[in-house]
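Chains, contacts and geometry: an overview
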Amino acid sequence: MVLKTTKFIWMDGKFVKWKDAKVHVLTHALHYGTAVFEGIHSYKTGKGTAIFRLDEHIDRLFHSANALSMHLRFTKNQLKNSIKKLIKKNKIGDGYIRPLAYYGYGDVGVFPRNVHVNTAIITVPWEHYYSKDLRVMTSKYERHSEKSTVFGAKISGNYANSVLAMHEARKKGYDEALMLDNEGYVAEGPAENIFLVKNGDLITPDSRSSLHGITRNSIMAISKDMGIDAYEKKVSLNEVKNADELFYCGTATEIAPVVSIDNKKIGNGKAGRITLMIRDKFYSIVRGKESKYKKWLAYAN
Ligand code: PMP
């Protein structure tokens, strides 16, 4: 997808013009990956722009910051209000919101001593990340375990691992990678969670090497409401390959059917019926059409 720019980026309390939103080359996070971030989706609805599960995303941002002993100079409410203001200023409907906190300028050593913590928010217009079904390959790169990072934290440095897996997959002609954990069980995609459908049940890996994402959590809740049994368990690669249906999910990806793994067709090689049912329900919720889930939407206006 081609990046669409907007008028403003929020940096440490100020609305800065897009072209002026710059950092110093000595920024600690550039050298050591010491930034934390979120990806949040906004949707155009009948009542204005709605931000999907804003509270949960901001809570996770603070969890991530805490993992790096990073003290943000803004409260959760200040950041939420700034996101809403930025959405309005940039006239965003369907959009992607990227809050970012990073160790900035101050010292060159690994330990961030006397280094400022900076915070920024970027919003861009955004439609669907994938408009096709996915062909996935198993990556040779293992996903981080709790022995190498903090569970549930979105730390920028961890994403070099995701970038390696994506390059590996794209070089071999696949759309996406599937990453295993340090025990050889299925963990997740480079920036998505995975679900499989088997005999009508919805299963997602219970792995401490995956981010237990907010979309994943939403799908578990929605499915139960739709009368589908949804649960977590340890999942082997073999089970994934023999699933009736498969899909990836995440804030950017939303719900994307996976039609093959390592060139092995999943089901009949087309997007599955249950996958599409859940996706329809998800789209209806994010557009504000399901009163039961209105608690998940924060309106920018
Ligand atoms: N796993 C990883 C590694 C991710 O980066 C993401 C995207 N945040 C996800 C899973 C999906 O999480 P969420 O649904 O909260 O976006």
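Residues numbered from 1 in each chain as written. Predicted model: local features only at pLDDT ≥ 70, side-chain atom pairs only at ≥ 80, totals over all residues. Heavy atoms only, no water.

**Quick look at the site of the ligand**
Around the ligand, a shell composed of 15 residues is seen, among which Y159, E188, I214, T215 and T251 lie nearest. In this structure, K154 approaches the ligand through a side-chain N or O atom, which is 2.8 Å from a nitrogen atom. Contact between the ligand and T251: an oxygen atom at 2.6 Å from a side-chain N or O atom of the residue. Contact with the protein chains covers 96% of the free accessible surface of the ligand, which is 380 Å². Its residues assigned to classes, the shell around the ligand comprises 5 nonpolar, 5 polar and 5 charged. (Near = heavy atom within 4 Å. Polar contact = N/O pair within 3.5 Å; in protein donor to acceptor, adjacent residues only side chain to side chain. Areas by Shrake-Rupley, 256 points an atom, 1.4 Å probe, with all protein chains shown as cover. Nonpolar A, V, L, I, M, F, W, Y, C, P; charged D, E, K, R; others polar.)

**Comments concerning helix 3 (residues 76-89)**
With 14 residues, helix 3 should reach 20 Å at 1.5 Å per residue; the first-to-last C-alpha distance of 20 Å fits that figure. All of the buried residues in helix 3 are L79, K80, S82, I83, L86 and I87. Mapping the buried residues of helix 3 onto a view down its axis gives an arc of 160°, with all of them on the same face. Downstream of helix 3 by one or two residues, K91 has phi in the positive range, about 55°. (Helix = DSSP H or I, 4+ residues; strand = E, 2+ residues; numbered from the N terminus. Expected span 1.5 Å × (residues − 1). Buried < 20%, exposed > 50% of the residue type's maximum accessible area, 1.4 Å probe, protein only. Arc of directions from axis to C-beta.)

**Regarding the domain arrangement of the chain**
For the chain, the domain assignment lists domain 1 (8-125) and domain 2 (134-286). Here domain 1 and domain 2 have C-alpha centroids that lie 26 Å from each other. On the side of domain 2, 20 residues touch domain 1, which itself brings 20 residues to the contact. With both sides pooled, the region where domain 1 packs onto domain 2 buries about 1,700 Å², and carbon together with sulfur makes up 63% of that total. Summed over the three residues of domain 1 that lose the most area to domain 2, namely F37, F52 and R60, the buried surface amounts to 33% of that side. The tally of links from domain 1 across to domain 2 stands at 0 salt bridges. The interface formed by domain 1 and domain 2 contains 9 residue pairs in polar contact (both at pLDDT 80 or more). Counting residues per element, the side of domain 1 that touches domain 2 draws most heavily on helix 2 (residues 54-67), at 6 residues. Its residues placed into classes, the side of domain 1 that touches domain 2 shows 9 nonpolar, 7 polar and 4 charged. (Domains from an automatic or database assignment. Contact = heavy atoms within 4.5 Å. Buried area = accessible area lost by both parts, 1.4 Å probe. Salt bridge = Lys/Arg side-chain N within 4 Å of Asp/Glu carboxyl O.)

**As for the side chain of S139**
Position of S139 among the secondary structure elements: in strand 8 (residues 134-142). Side-chain polar atoms of S139 contact the backbone nitrogen of Y141, separated by 2.9 Å. Setting aside its immediate chain neighbours within four residues, S139 contacts A165, E168, A177, L178 and M179.

**Details of unusual backbone geometry**
One non-glycine residue, K91, lies in positive phi territory at about 55°. Along the chain, K91 falls in the loop between helix 3 and strand 6 (95-103). Exposure remark for K91: the relative accessible area of 72% places this residue in the exposed category. Within the chain, D262 stands out as a residue other than glycine whose phi angle is a positive 50°.

**Points about the nonpolar core**
Counting residues in hydrophobic clusters, the biggest one holds 26 residues, and the most contacted among them are M70, L72 and I83. If you list the elements that add at least two residues to this core, you get helix 2, helix 3, strand 6 and strand 7 (117-125). Each residue touching L72, except ones within four places of it in the same chain, is listed here: L61, F62, A65, L79, A101, V117 and T119. Grouped together as the second largest cluster of nonpolar side chains are 22 residues, F195, I274, F282 and V286 included. (Core = buried A, V, L, I, M, F, W, Y, C linked by side-chain atoms within 4.5 Å.)

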